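Summary of structural features
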Amino acid sequence: MMLFTQTRGLPVITAEEAATLGTVKDLTIDPHSRSVVCLRLSGAPKDAAVVDWSAVEAVGKDAVIVRSRNAAGAGQDHLPEHHEAVGSRVLTEYGVEHGTVKDIAFEPATGAILTVYTALGDIAGERLIGLGSHAMVVHADRA
């Protein structure tokens, strides 16, 4: 398990060329697949500022490893729009407030969202419905 906040600022290094592409600025979520779909980089050339998750080989405490410079730049045309997840408001599908996102846990090997940590408690990743500029939307707790 890895947290969004742990990835920010990590260098992104290619396995083939051993080159640093930039540093992780943010992660983009696809709410439909409930997974991380790409890395957004700072300090990277424009053609490599977004890295598709399929190019990621490993995510560790010290760096993110991608296959190659070519793999890092491929597939950018099919990525969903980026919306800031950490810090966003959380609402249920009924419009009930559930605090704000403090952090998000994901599986580094697959990018699957495991848990959304909010000011009002933890939410299982499988409850994620959507993420937009206004809020993250989750299924209401079925308690």
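As the structure is a computational prediction, the values presented were derived from the model and not from experiment.

**Quick word on the pattern of salt bridges**
With the rule as written, the count across this model stands at four salt bridges. Here Arg8 ties to Asp26 by a salt bridge, and the two come within 3.3 Å at their closest N and O atoms. One end of the pair, Arg8, is in the loop between α1 (4-7) and β2 (11-14); the other, Asp26, is in strand β3 (residues 20-30), with 18 residues separating them in the sequence. The residue Glu84 makes a salt bridge to Arg8 at a minimum N-O spacing of 2.7 Å. Of this pair, Glu84 sits in the loop between α2 (69-73) and β8 (89-92) while Arg8 is found in the loop between α1 and β2, placing the two residues 76 residues apart along the sequence. Judged by its relative accessible area of 40%, Glu84 falls in the partly exposed class. Looking at Arg8, the relative accessible area reads 32%, which means it is partly exposed. Via salt bridges that share partners, Arg8, Asp26 and Glu84 belong to a single interconnected network.

**A word on the side chain of Thr28**
Along the chain, the position of Thr28 falls in strand β3. Residue Thr28 is classed as buried on the basis of its relative accessible area, which comes to 0%. Among the polar contacts listed, one links the side chain of Thr28 to the side chain of Arg40, at a separation of 2.8 Å. In contact with Thr28, other than residues within four places in its own chain, are Ser35, Val36, Val37, Cys38, Arg40, Pro80, Glu81 and His82.

**Re the environment of Ile13**
Relative to the elements of secondary structure, Ile13 occurs in strand β2. Between the C-alpha atom of Ile13 and that of Val64, which follows or precedes it by 51 residues, the distance is 6.2 Å. Excluding its chain neighbours within four sequence positions, the residues that come into contact with Ile13 are Ala18, Ala19, Thr20, Ala63, Val64, Ile65 and Val66.

**Notes on the sheet that holds strand β4 (residues 35-42)**
Paired through their backbone hydrogen bonds, the strands of a sheet run either parallel or antiparallel. Pairing in this open sheet of six strands is mixed, and the strands run β5-β4-β3-β2-β7-β6 from one edge to the other. Strand pairing shows two members of the sheet lacking a second neighbour, β5 (50-52) and β6 (56-59), which therefore form its edges. Here the strands of the sheet are splayed against their neighbours by 35 degrees on average, with no regard to which way each runs. Sheet analysis places β2 next to β3, joined by three bridges and oriented antiparallel.

Definitions and limits used
- Residues numbered from 1 in each chain as written.
- Predicted model: local features only at pLDDT ≥ 70, side-chain atom pairs only at ≥ 80, totals over all residues.
- Heavy atoms only, no water.
- Salt bridge = Lys/Arg side-chain N within 4 Å of Asp/Glu carboxyl O.
- Helix = DSSP H or I, 4+ residues; strand = E, 2+ residues; numbered from the N terminus.
- Buried < 20%, exposed > 50% of the residue type's maximum accessible area, 1.4 Å probe, protein only.
- Polar contact = N/O pair within 3.5 Å; in protein donor to acceptor, adjacent residues only side chain to side chain.
- Contact = heavy atoms within 4.5 Å.
- Pairing = 2+ DSSP bridges.
- Axes fitted to C-alpha atoms, helices over the stretch in contact; angles between N-to-C directions.

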